[in-house]
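What the coordinates show
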Amino acid sequence: MTNTTTADTTIPFDYHIIRKPRRRTVEIMVHYDNRIEVHAPANLCEHEIARIVQEKQPWIEQKTTYNREIRKQYQAKSYVAGELFQFRGSAYPLLFDHEKRDCRIEDGALRLSLPVIPEGTQPIPQQLIAQLIAIWYQHEALSHMRQRCQHFSQQIGVRPLLVGVKSYRSRWGSCHQDGRIYFNWRLIMAPDWVIDDIVIHELCHLIHANHSAQFWQRVAQHTDTFKITRSWLKEHVLTLDL
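These notes cover the structure that comes with them.

Criteria and cut-off values
Residues numbered from 1 in each chain as written. Predicted model: local features only at pLDDT ≥ 70, side-chain atom pairs only at ≥ 80, totals over all residues. Heavy atoms only, no water. Helix = DSSP H or I, 4+ residues; strand = E, 2+ residues; numbered from the N terminus. Buried < 20%, exposed > 50% of the residue type's maximum accessible area, 1.4 Å probe, protein only. Areas by Shrake-Rupley, 256 points an atom, 1.4 Å probe, with all protein chains shown as cover. Lys, Arg positive; Asp, Glu negative; His and termini not counted. Charge placed at Lys NZ, Arg CZ, Asp CG, Glu CD. Core = buried A, V, L, I, M, F, W, Y, C linked by side-chain atoms within 4.5 Å. Pairing = 2+ DSSP bridges. Axes fitted to C-alpha atoms, helices over the stretch in contact; angles between N-to-C directions. Contact = heavy atoms within 4.5 Å. Salt bridge = Lys/Arg side-chain N within 4 Å of Asp/Glu carboxyl O. Expected span 1.5 Å × (residues − 1).

**A short note on the overall build of the protein chain**
Across its full length, the protein chain carries six helices and 11 strands. Taking the principal axes of its C-alpha atoms as reference, the protein chain extends roughly 65 × 55 × 30 Å. The buried share of the protein chain, reckoned over its 242 residues, is 40%. Taken as a whole, the protein chain presents about 14700 Å² of accessible surface, with 50% of it coming from carbon and sulfur. For the protein chain, the distance from the average site of its 30 positive side-chain charges to the average site of its 26 negative ones is 6 Å.

Written out as C-alpha cells, the structure is:
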C-alpha cells in the first residue's frame, strides 16, 4: 500500500490518497478533524481520482462545514461528578460512591462505585472511569437489544441466529446472511422509540437482505416513525457518544 498527499489546483482542499491493491472502488472519508482520505485501487491514476473527488466536492464541503460549525460544539466527556450522560433518551448526572455495585441508574443518577483512595495517593485515572462506564453501556445495550429483538421477532415472524453489540462508528446496526444481527451499543443512549425502529429495521433484513420496496413495506407494517427516526439520528448523532 502506498500513501500520497495530493492537492489539485481545481480542488480547494487537500486530500490523502491511500492505495489498496484489492480495492475496486473509490471511497472518500471525511474525518472529524476534516482530514480527507481517498481509498483507491492501486492502479487508478491520480487524474481519475481527482475527477472523482471533484465530482464529490459538494458532499465533501458539506461534511467539512458540518465538522467546523456543528461538531466542534460537542465536547468529549470529562467524567466528572454532575456531568450528564444519556441513557434510553434521558439524561442522568454522574455521581460517584463507594457501594459494592460497579455502575447503575439509581435515584435519578448514573452512579459509579469507585474504591476509596487514601490521602496522598494518585486519583483514579479518567481513562479507567471512562472504561467502566463504556463497559456498563455495552452490557445494558446487549441486554436491551436482545429483549427488544425477542419482542419484535415474534411480531415479524423471524428468528435471528444471534443478537450482539459492536462499536460501530458509522452505522447503527447490521444484519448478516447467516442470521446474526449486531447493533451499535451507543444506540442505548437514544429514546426507546428510536431503538425499536432500528431493531425492526434489522429484523426485517432477515426477510429482505436489501433496501427494496418490499423491504420498506415490511418495515412499515411494524412502525410508522422510521423516517422520523432517521432524521432524529442524523440530528442527534453527536449526543450519542462518550
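Next comes the rest of the account.
**What about the nonpolar core?**
Residues Ile133, Tyr137, Phe183 and Leu187 are the most contacted members of the largest nonpolar core, which totals 44 residues. Of all the secondary-structure elements, those providing two or more residues to this core are strand 5 (84-87), strand 6 (90-97), strand 8 (109-113), helix 3 (126-156), strand 11 (180-184), helix 4 (192-204), helix 5 (213-220) and helix 6 (226-236). In terms of residue count, helix 3 provides more of this core than any other element does, 11 residues in total. Core analysis: the next-biggest nonpolar cluster, separate from the first, contains 13 residues, Ile11, Tyr15, Ile28 and Ile60 among them.

**Concerning the sheet that holds strand 7 (residues 103-106)**
Pairing within the open sheet is mixed, and its four strands lie in the order 5-6-8-7. Two strands close off the open sheet at either side, each with one partner strand: strand 5 and strand 7. Sheet twist, expressed as the average angle between the axes of neighbouring strands with direction ignored, equals 40 degrees. The pairing of strand 7 with strand 8 spans four bridges and is antiparallel. Bridge pairing in strand 8 places cysteine 103 opposite leucine 112. Those strands touched by helix 3 are strand 5, strand 6, strand 7 and strand 8, and its axis lies near 15 degrees from that of strand 5.

**Let's talk about the side chain of histidine 144**
Looking at the element boundaries, histidine 144 is found in helix 3. Accessibility expressed as a relative area gives 11% for histidine 144, which makes it buried. Beyond its immediate chain neighbours, meaning those up to four positions away, histidine 144 contacts Arg88, Ile188, Asp192 and Ile195.

**Thoughts on the sheet that holds strand 10 (residues 173-175)**
Here we have three strands laid out as an open sheet, ordered 9-11-10, and mixed in their pairing. The outermost strands of the open sheet, each flanked by one partner alone, are strand 9 (162-166) and strand 10. Going from strand to strand, the sheet's axes swing by 20 degrees on average, the running direction of each strand aside. Bridge analysis of strand 9 against strand 11 gives five bridges, and the strand direction is parallel. Looking at the pairing, valine 165 lines up with phenylalanine 183 of strand 11. Each of strand 10 and strand 11 is contacted by helix 4, which is oriented at about 155 degrees to strand 11, the strand it contacts most.

**Digging into the pattern of salt bridges**
Inspection of the entire model under this criterion finds 11 salt bridges. With a closest N to O distance of 2.6 Å, glutamate 48 and arginine 51 form a salt bridge. Placement of the pair is glutamate 48 and arginine 51 together in helix 1 (residues 46-55), with a separation of three residues, close to one helical turn. Take glutamate 48: its relative accessible area is 23%, and that puts it in the partly exposed class. A network of salt bridges, in which partner residues are shared, links Asp97, Arg104, Glu106 and Arg111.

**A closer look at the environment of histidine 236**
With respect to the secondary-structure elements, histidine 236 resides in helix 6. The spacing of histidine 236 and histidine 16 is 220 residues in sequence and 29 Å in space, taken between C-alpha atoms.

**Comments concerning helix 4**
For helix 4, which comprises 13 residues, the first-to-last C-alpha distance of 18 Å matches the rise-based estimate of 18 Å (1.5 Å per residue) to within 8%. With respect to burial, helix 4 is a largely interior element, 11 of its 13 residues being buried. Taken as a whole, helix 4 has its buried residues at Val194, Ile195, Asp196, Asp197, Ile198, Val199, Ile200, His201, Glu202, Leu203 and Cys204. Summarising the contacts, the buried residues of helix 4 are in contact with helix 3, strand 10, strand 11, helix 5 and helix 6.

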